[in-house]
Each structure stands twice: as structure tokens, then as C-alpha cells.
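Fold and geometry: a report
If you want the building blocks of each chain, they are given just below.
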Amino acid sequence: MTAPDVEPTEETIFTWGAPPLKFGAGAADEVGFELSQYGVKRVLIVTDPGISAIGAPQRIADNLRRYEIEAEIFDGVHVEPTDDSMNKATEYARVQGPWDGFVAVGGGSAIDTAKAINLLTSHPGELMDYINKPIGNAKVPPGQLKPLIAVPTTAGTGSESTAMCVLDILSMKVKTGISHWRLRPTLAVVDPLLTLTLPPEVTAASGMDIVCHALESYTARYYTTFERKQPQERVTYCGANPVSDLWCEQALTLLARSFRTAVHGGADDVAARVDMMQAATFAGMGFGNSGVHIPHANAYPIAGMVRDYRPAGYPQDEAMVPHGQSVSLTAPEAFRFSFDSAPERHLRAAALLGPDAPSVDPAEQLPSVLVALMRDIGIPNGIGGVGYTEDDVPDLVPGTMKQQRLLATCPRTPTEDDIAGILTRSVENW
Ligand SMILES: NC(=O)c1ccc[n+]([C@@H]2O[C@H](COP(=O)([O-])OP(=O)(O)OC[C@H]3O[C@@H](n4cnc5c(N)ncnc54)[C@H](O)[C@@H]3O)[C@@H](O)[C@H]2O)c1
Ligand SMILES: [Zn+2]
């Protein structure tokens, strides 16, 4: 896809990074060999209780022992981590350490928690020192971290290849993160067989996260339209660029082929699970460099201010809006808003994600493809479906506006009123 027709600035540089990747059925059985190459002797496996119950972390621990690596399992990861849960995990790792390396086994929750543990046990300082401004101090990690192998068990976040770590700040009821290239895992070991046990609701929600990563990255502000940065100012998200575009196009094609099948076919359709895992990894390699925009910015207050929504397929002990649901609920409306800034890209994305969709008004093409998909896979109908009404919109808007890092990536800069309008029109999506 060519660069959109926009006013050029003096920026001429984009950056792109990803960890080495080992992908395929059975890849998880090679984690021990891979870690042995780093000369590590004592490793902490980081996971959550749901994944631990399935046995994958124990299998990986056994595999490490075959290479004479001492492996312990920490299975206290909180699903959708918080500052509190990450601090507790770090405390555990500090007390039980030192560790020569880490293996994250799980979805974004486990991988992000492992990134935080790795940072805070490799270097001095506390979580808030490193969290993005304006919430934290955005301190730069002072040096290299320990080896971290990320083994995803959901097809969703792409966290195994990104430099981000996302968490909920409980006292502020807002999600934010740490974003620095040093957080990127050393190696991604991606084994689609690990996703065969995913419940359909988690397959659907984490799959919508892939969809939004690919679409938001593809429609993000183009890198040449930002002000020129000095080398030390370059950030992880540099805007849509030719390399990220390639990964996002591939991810959308795979999603078109296999997303519905993966949700409805359960454990029986290995080919669909392979496609979904590739889509997640590819989209991560895209958005992890270019960025995401309005749907993800809105997702933070939607998840952070949840009252009593308890989704099927997820732990029931507390209310939550899973990340993949929260990013998708305002996506149709967000892409109506951003359409004019890059019509060609919105149409190309719609054609890749919904190759058989009937043609409608161009600005409606991508929203209609998204709505059809969300209805088919059982995503809640708008923010109303997870418990919000129009009256909540004024309380949600400030949470979105705090995500300046993400909103800066939007090809059309939204005002508070624009965000309020998008949220209001997303109370119901169909
Ligand atoms: N770092 C990044 O780049 C990035 C990007 C997007 C999202 N995130 C973050 O990732 C988190 C969401 O991660 P997620 O969507 O991967 O889900 P998750 O890690 O929160 O897991 C969701 C649920 O699925 C269960 N589960 C996971 N794998 C399973 C399997 N194979 N079989 C059965 N159950 C399984 C878990 O136990 C949990 O209950 C959020 O906190 C989100 O903000 C991070
Ligand atoms: Zn996401």
C-alpha cells in the first residue's frame, strides 16, 4: 500500500523491531534447548492459574530440567494484570531470586507480567518509575534485561513480540503501560497447539484484539507525517510504515480465512488455530512498531471502569471487560471517524478482512465487515453490552484522553467531543 496523500513533514525515518521467532506445532518442546543457549542455570516460569491447571507450564519446566536448568513456576499472574498484581509478582521474584532468565507461558497477562518482573529484577526502581507519562515517570531501563522467552497460549495480544507491558492502575481506574524496546522478549516461541484448549469466548475476544491491532496499525498516522525526532526521542510506536503494513495485511488475510472457524470449531480445527496464531504474531510485528489508536485508547477506560460485567470463559471472581472485547466495542464507530483521513487504507483493510462482504457506502464498508464478524463470534453489542449507558460517557472520556501516546497515532486527531460522540454511538453497534 502506498503512503497516503498527506502533507509531508521532515520525518524520513521509521524503526521496526521484533524478536527472533520459533513458530509451529511442537515448538513449545524446544524451549529448554533454546534457553540452554544462553547459559542460564535458574529460571522462573511465569503463568496464571488457569493455564497452570492445563499443564503447559509444568511440561515446559520438565523440558528445561532435561537441559539441567532449574525451573520454578510462579502461577500467581492476575488475568489482566494490575499494579498491585505486578508488584506482588515482582516481590515474589525478588525474594525467591536471583534468576538467570524467565519464561512467560500464557496470554498477554502472563507475558506482560513477566516483562515487568524481568525489568524490576534486572534493574533498581519500582513500577511507577517506568510507567508511561503522565501516570508514571517513564524512566528508561538503564541497561539490558535478562533473557525472557515468551510462549503465548492465546492467539491475541502479540505481546511475545512487542515492547509493551500493559497494566491497570487500580487507584486511578485506568490502564496504562511501560513501553521500551528493552522489554521485548529475547525470543518468541509460538506453538499453536497450546491454543487448542482456549474456550470459544477467549478465542473470540483475543481474536478481536488481533483484528484491532491489524486495523489500527494499518490506518495509523503515517510515519512521515510526524515531526522529525532526534535519535534519543524515537519511541516504540512510529506510525504506519511499509514493514508494519506487510504484517498487518497478512494478519487480516489469515483472520478472514480462519477466525470464525477457530471460534466455532473448538479444539478440532488445528489448521484454523495455526492461522490464528500466525495472525496474532504477525499483527504484533505490525502494531508493535507502528502503534494503535482510538479503539485501544477507548478500551482503557472501558476496561478500567467496569462495574459488574463478568464474561463467560474468564475467571468469575471479579468484574472485567477482557482486553479483546474492550478494544472492539468502539472500533466500528472509530473507523467511521477515521475514514476520511485514509479512505484507501480503510477500504483495502475491509477487503482483506471481509473479502466476500457486500459493497456498501465506502465509509461504511469497514464498520459493516466488523459488525458482521462480531455478531458471528458472540462479541457483546457495544459498550451497552458490557454495562455502560449513555450517561457513563462523560466519565469514560477523560480515561481515553489520558492515552495521548495512542491518540497521537490516530490519523485524525480526536477532540473530547469527538471521543464522546464515538462512545455514545457505540452504546449499541447493531
Ligand atoms: N503487551 C502487549 O503488547 C499487549 C497487547 C495487547 C494486549 N495486552 C494485554 O494482554 C492482556 C490480555 O491477554 P490475552 O487476551 O492474551 O488473555 P489473558 O492472558 O488475559 O488470558 C485470558 C484467559 O484465558 C485463559 N487462557 C489463556 N490461554 C489458555 C489456553 N491455552 N487454554 C485455556 N485457557 C487459557 C487464561 O487463564 C485467562 O483466564 C491484557 O492485560 C491486555 O491489556 C498486551
Ligand atoms: Zn490490544
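Relevant structure appears above.
Description of the structure in this document. (Residues numbered from 1 in each chain as written. Chains lettered and ligands numbered in written order. Predicted model: local features only at pLDDT ≥ 70, side-chain atom pairs only at ≥ 80, totals over all residues. Heavy atoms only, no water.)

Moving on, we get to the site of ligand 1. Near ligand 1 you find 32 residues, and of these Ser109, Thr153, Thr154, Thr162 and Thr197 are the closest. Take Gly108: an N or O atom from its main chain is 2.8 Å from an oxygen atom of ligand 1. Note that a nitrogen atom of ligand 1 is positioned 3.2 Å from one of the side-chain N or O atoms of Ser159. Taking 870 Å² as the accessible area of ligand 1 by itself, protein coverage stands at 96%. Secondary-structure elements contributing two or more residues to the shell around ligand 1 are helix H2 (49–54), helix H5 (108–122), strand S6 (164–169) and helix H7 (200–218). Split into classes, the residues belonging to the shell around ligand 1 amount to 13 nonpolar, 13 polar and six charged. (Near = heavy atom within 4 Å. Polar contact = N/O pair within 3.5 Å; in protein donor to acceptor, adjacent residues only side chain to side chain. Areas by Shrake-Rupley, 256 points an atom, 1.4 Å probe, with all protein chains shown as cover. Helix = DSSP H or I, 4+ residues; strand = E, 2+ residues; numbered from the N terminus. Nonpolar A, V, L, I, M, F, W, Y, C, P; charged D, E, K, R; others polar.)

Attention now goes to the coordination of the zinc ion (ligand 2). At the metal site, the zinc ion (ligand 2) is ligated by Asp209 (OD), His213 (NE2), His296 (NE2) and His323 (NE2), and these contacts range over 2.1 to 2.2 Å. With four donor atoms in place around the zinc ion (ligand 2) and angles of 85 to 165° between them, the coordination shape is irregular. When the donor residues of the zinc ion (ligand 2) are listed from N- to C-terminus, their spacing reads D-x3-H-x82-H-x26-H. Of this pair, Asp209 sits in helix H7 while His296 sits in helix H10 (residues 294–304), placing them 87 residues apart in sequence. Of the two residues, Asp209 and His296, neither departs from the other in class, the shared state being buried. (Donors = N, O, S within 2.8 Å, 3.2 Å for Na, K, Ca; no water. Tetrahedral: all angles 85-135°; square planar, octahedral: opposite > 155°, others 65-115°. Buried < 20%, exposed > 50% of the residue type's maximum accessible area, 1.4 Å probe, protein only.)

Going through the model one piece at a time under the given rule, you end up with zero disulfides. Distance from the sulfur of Cys410, which forms no disulfide, to the nearest cysteine sulfur (Cys212) is 13 Å. By relative accessible area, which is 1% here, Cys410 ends up buried. (Disulfide = S-S within 2.5 Å.)

Cis geometry is adopted by the peptide bond preceding Pro98, which originates at Gly97 and carries an omega value of 0°. Tracing the backbone through its elements, the reader meets Pro98 in the loop between helix H4 (83–96) and strand S4 (101–106). Lys133 connects to Pro134 through a cis peptide bond whose omega is 5°. Along the polypeptide, Pro134 turns up in the loop between helix H6 (127–130) and strand S5 (148–152). Phi angles above zero are rare outside glycine, and Glu68 is one such case at about 60°. Among the secondary structure elements, Glu68 is positioned in the loop between helix H3 (56–65) and strand S3 (70–74).

What follows is about the sheet that holds S5. Spatially, the six strands line up as an open sheet ordered S1-S8-S5-S4-S2-S3, and their pairing is parallel. Pairing within the sheet leaves two strands with one partner each, and these edge strands are strand S1 (21–23) and S3. Each adjacent strand pair in this sheet contributes to an overall mean axis angle of 20°, direction not counted. Sheet topology places strand S2 (residues 42–46) next to S3; five bridges connect them, and they run parallel. Paired with Val43 across the bridge in S3 is Ala71. Most of the contacts of H5 go to S4, to which it runs at about 165°, and overall it touches S2, S4 and S5. Set on the sheet, helix H9 (residues 270–290) makes contact with S1, S5 and strand S8 (187–190); between it and S1 the angle comes to about 165°. (Pairing = 2+ DSSP bridges. Axes fitted to C-alpha atoms, helices over the stretch in contact; angles between N-to-C directions. Contact = heavy atoms within 4.5 Å.)

This part takes up H3. The periodicity of an α-helix, 3.6 residues per turn, causes residues three or four positions apart to be oriented the same way. All of the buried residues in H3 are Ala56, Pro57, Ile60, Ala61, Asn63 and Leu64. Down the axis of H3, the buried side of the element spans an arc of 160°, and every buried residue falls inside it. Residues of H3 that are buried sit in contact with helix H1 (31–36), S2, H2, S3, S4 and S5. (Arc of directions from axis to C-beta.)

Counting 71 residues, the largest nonpolar core has Met208, Val211, Leu215, Leu255 and Phe259 as the members making the most contacts within it. Discounting chain neighbours no more than four positions away, the residues touching Val211 are Leu255, Phe259, Leu353, Leu370 and Leu373. In this structure, Val43, Ile45, Ala61 and Val105 belong to the second largest nonpolar core, which totals 21 residues. (Core = buried A, V, L, I, M, F, W, Y, C linked by side-chain atoms within 4.5 Å.)

Counting across every chain of the model gives 18 salt bridges. Linking Glu126 and Arg94 is a salt bridge whose minimum nitrogen-to-oxygen distance equals 3.5 Å. Linking Glu126 in the loop between H5 and H6 with Arg94 in helix H4, this pair joins segments that are 32 residues apart in sequence. What makes Glu126 partly exposed here is its relative accessible area of 44%. A salt bridge links Arg260 to Asp376; the shortest N-O distance between them is 2.6 Å. On the criterion of sequence distance, the pair formed by Arg260 in helix H8 (residues 242–265) and Asp376 in helix H14 (residues 362–377) is long-range, its members being 116 residues apart. Its relative accessible area of 32% is what places Arg260 among the partly exposed residues. Each of Glu333, Arg336, Glu364 and Arg425 takes part in a single network of salt bridges with overlapping partners. (Salt bridge = Lys/Arg side-chain N within 4 Å of Asp/Glu carboxyl O.)

With that out of the way, let us pick up the packing of aromatic side chains. A complete count under the given rule lists six aromatic pairs for this structure. Relative to Tyr67, the ring of Phe33 lies with its centre 6.4 Å away and its plane at 70°, an arrangement referred to as edge-to-face. Highlighted residues: Phe33 in helix H1 and Tyr67 in the loop between H3 and S3, separated in sequence by 34 residues. Exposure remark for Phe33: the relative accessible area of 37% places this residue in the partly exposed category. Plain terms: the ring middles of Trp247 and Phe282 are 5.0 Å apart, the flat faces sit at 55° to each other, and that makes the pair tilted. With a gap of 35 residues between them, Trp247 in helix H8 and Phe282 in helix H9 connect regions that are remote in the sequence. The class for Phe282 is buried, based on a relative accessible area of 16%. Aromatic rings pair up to connect Phe14, Tyr222 and Tyr223 into one cluster. (Phe/Tyr/Trp six-rings, centres within 6.5 Å; stacked < 30°, edge-to-face > 60°.)

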